[in-house]
Amino acid sequence: MAELGVKIGKIKLKNPVMAASGTFGYAKEFEKLVNLKHIGAIITKTITLNPRQGNPMPRICETSAGMLNAIGLQNEGIDNFLKEKMPYLSKIGAPIIVSISGNNIDEFFILARRLDKIKSISGIELNISCPNIKCEGLVAQDTKETYEVVKAVRKITDKTIITKLSPNVTDIVGIAKAAENAGSDAVSLVNTFFGMAIDIDTRKPKLGNITGGLSGPCIKPIALRMVYEVSKNINIPVIGIGGIMNANDAIEFMIAGAVAIQVGTANFIEPGVCIKIVKGIEGYLKKHKIEKIEDIIGNLNIKN
Amino acid sequence: MKDIKARILLNRRIGLGYYKMSLDAPYIARTAKPGQFAQIKCSDSFEPLLRRPFSIHRVNRNIEILYETVGRGTEILSNKKEGDKIDVLGPLGNGFTLPRAMNGEPRAIIIAGGIGAAPLVYLAEELTKKKIKTIVLIGAKTKNLILCEKDFKKATPEVYVSTDDGTYGSQGFVSKLFHKILKTTESKFETIVYVCGPHEMLKCIADICQERKFECQVSLEEKMACGIGACLGCAVKTKSGNKLACKDGPIFNANELLW
């Protein structure tokens, strides 16, 4: 059988398929539907220092081949997370990566310091696509702020750091480089695209927050292009995210340069999709007589 | 809870824009409680992308759903043929709480507004199986939009109908009928009210129940993505913070909700 294992920082994944933050809850939600230990890695819903109520309703809205969401990082805060969610996550048997977000550098630092002490946490994903320290734009829209947040977290932990990038920028390569220079072990891209939808009869926005993040198959080509550009220009692993619905999509991202991929919106539609993608990748490698998954990573054929 | 590829055994139009579908899903039929729902993938393409939540209407060896064509998803569903297979995830949600031993002999009043009848037939069947006196009030805009009158009558003799335009039963909203029923029936019984329908109607019934100090369980309908508590898209404001319609609901105690 083909070798599916990949490495992200210090984390050895038995396969490159990860469940994306915010789409997989704290894994327990899926326990009856998915054999969780077979997933490459599980990334939790983003945790903040203090509990957050999240955004007003409605929070989701379907669009053509996609969906908008504006959940607003609803979560119970780190204390509750460590007490209520972590014991279950520790027992799953797949690497657990905790997604964190802060209102400022200090909050990222404090969160990382607390997670650093917990053995069963394999890594930390920095969700810097959150309301920024200066309250305008996102951390991930500014190279300097990205650098500073990653640097602060790097100081406090040796755990694998994944920096999650926003596509809502003019030069995503520049942001990725900032994360790399600050010591991030990997970058994951892309988070959702800013979007909106309007009910023309009431003239009201379809989201309580007016705007939200667009995800799903409709964003895949743009995400793929960004993964391609970033992976060509940095030396740390890129984790591809954006509308991956099946194994073919996942393989596309890996050929474009992603070392691993994250499945997001698809989890909502098909709870067992991560495992299905793992099997699909296996089938692809077998069909093409490829011995190890690494052989396809970044192996884009651009010859005539 | 299981994600099942279920064969469609029947998919029939039963009225203006209303359809009934029967699905070969024995596991869900065996485990579903009244008020629970299933997430159904209406299309194999990305259009529409998300599943749609449907109340479990009735169970026998199969499950039935009762639905109204209101958009792309239900439109596609209505064109499915017997023998087609679709993905059905269920049973989901909490379901209604059936009365426990109360001070008086319990009586249940079920109030269905429009397509809100969908989860209530199964409830009526279960209540009467438990020998709980059950009264059903059905509200509809007009005569040919009345749903499930026969099915309810099979479960209990006390079924009353109101139509907004008075073409059948009493004239007016079902809340008016509710008032009338409360006046004409003795309230020596402990009363528990179960209601599903348009939001304004739920609120109106909940207010009446609060005045009378009746327990009132409402079935809420919210837009959902996952249906299993992962996306946090279907949040509902309650006195104890945000709850999820898919996991903590769709049945809520009316007193708990911040309307």
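For the structure, see preceding data.
Note that the structure is a prediction, hence the values are computed from the model and not measured.

A.B. asks: Run through the packing of helix H5 (residues 174–184) of chain B against helix H6 (residues 199–212) of chain B, naming residues and quoting values.
C.D. replies: Residues and elements named next belong to chain B. Packing of H5 against H6 brings their axes to within 9 Å, and their N-to-C directions diverge by 25°. Considering their axes alone, H5 and H6 lie roughly parallel with respect to each other. Considering only the axes of H5 and H6, their crossing is right-handed. Across from Val174, Ser175, Phe178, His179 and Leu182 in H5, the residues of H6 making contact are Met201, Cys204, Ile205, Ile208, Cys209 and Arg212.

A.B. asks: Break down the interface of chain B and chain A for me, citing the residues and quoting the values.
C.D. replies: Across the contact, 28 residues belong to chain B and 28 residues belong to chain A. When chain B packs against chain A, close to 2400 Å² is buried across both sides, 65% of that on carbon and sulfur atoms. Considering only the surface of chain B that becomes buried against chain A, Phe46(B), Leu49(B) and Leu232(B) emerge as the three largest contributors, covering 24% of it. Here chain B is connected to chain A by 1 salt bridge. Glu62(A) serves as the salt-bridge partner of Arg52(B), at 2.8 Å between the closest nitrogen and oxygen. Contributions of two or more residues to the side of chain B that touches chain A are made by strand S1 (2–15), strand S14 (235–238) and strand S15 (241–244) of chain B. In the side of chain B that touches chain A, the residues fall into 15 nonpolar, 4 polar and 9 charged.

A.B. asks: Explain the pairing of strand S6 (residues 66–69) of chain A residue by residue, including any values.
C.D. replies: Residue and element names in this part refer to chain A. By the bridge criterion, 4 bridges tie strand S5 (residues 60–63) to S6 in an arrangement that is antiparallel. Paired with glutamate 62 across the bridge in S6 is methionine 67. Linkage of S5 to S6, two consecutive antiparallel strands, is achieved through a turn of 2 residues, within which alanine 65 is found at a positive phi near 50°. Note: S6 against strand S14 (residues 211–215), 3 bridges, orientation antiparallel. Opposite asparagine 69, over in S14, you have glycine 213 as the bridge partner.

A.B. asks: Can you break down the sheet that holds strand S3 (residues 37–40) of chain B residue by residue, with the values?
C.D. replies: Backbone hydrogen bonds hold the strands of a sheet together, and the pairing may be parallel or antiparallel. Residue and element names in this part refer to chain B. Ordered in space as S4-S3-S7-S1-S2-S6-S5, the 7 strands form an open sheet in which the pairing is antiparallel. The sheet terminates laterally at strand S4 (52–55) and strand S5 (58–59), the two strands that pair on one side only. As defined by bridge partners, S5 adjoins strand S6 (residues 63–68) across 2 bridges and the pair is classed as antiparallel. The residue of S6 that forms the bridge with valine 59 is isoleucine 63.

About the cut-offs
- Chains are numbered independently. Their residues run from 1 in the order of the written sequence.
- Following the order in which they are written, the chains are lettered starting with A and the ligands numbered starting with 1.
- At least 70 in pLDDT is required for a residue's local features to be given in this predicted model, at least 80 for side-chain atom pairs to be given and counted, and no such filter applies to totals for whole chains, interfaces and linings, which use all residues.
- To obtain the side-chain values, all non-hydrogen atoms of the structure were included, while hydrogens and water were left out.
- For helices, the fitted axis covers only the stretch in contact; all axes are lines through C-alpha atoms, and the angles between them, taken along N-to-C directions, range from 0 to 180 degrees.
- What counts as a helix is a DSSP run of H or I of at least four residues, what counts as a strand is a run of E of at least two, and both are numbered from the N terminus.
- By the definition adopted for this analysis, an angle is roughly parallel if under 35 degrees, roughly antiparallel if over 145, roughly perpendicular if from 65 to 115, and oblique otherwise.
- Note: crossing handedness is left-handed where the near helix turns anticlockwise from the far helix by less than a right angle, and right-handed where it turns clockwise.
- By definition in these notes, contact holds between two residues if any of their heavy atoms fall within 4.5 Å.
- Buried area: the accessible surface (1.4 Å probe) lost by two parts on joining, summed over both.
- Any carboxyl oxygen of Asp or Glu that lies within 4 Å of a side-chain nitrogen of Lys or Arg is treated as forming a salt bridge with it.
- Just so you know the grouping, Ala, Val, Leu, Ile, Met, Phe, Trp, Tyr, Cys and Pro go in nonpolar, Asp, Glu, Lys and Arg go in charged, and all remaining residues, Gly too, go in polar.
- Should DSSP find at least two bridges between two strands, the strands are taken to pair.

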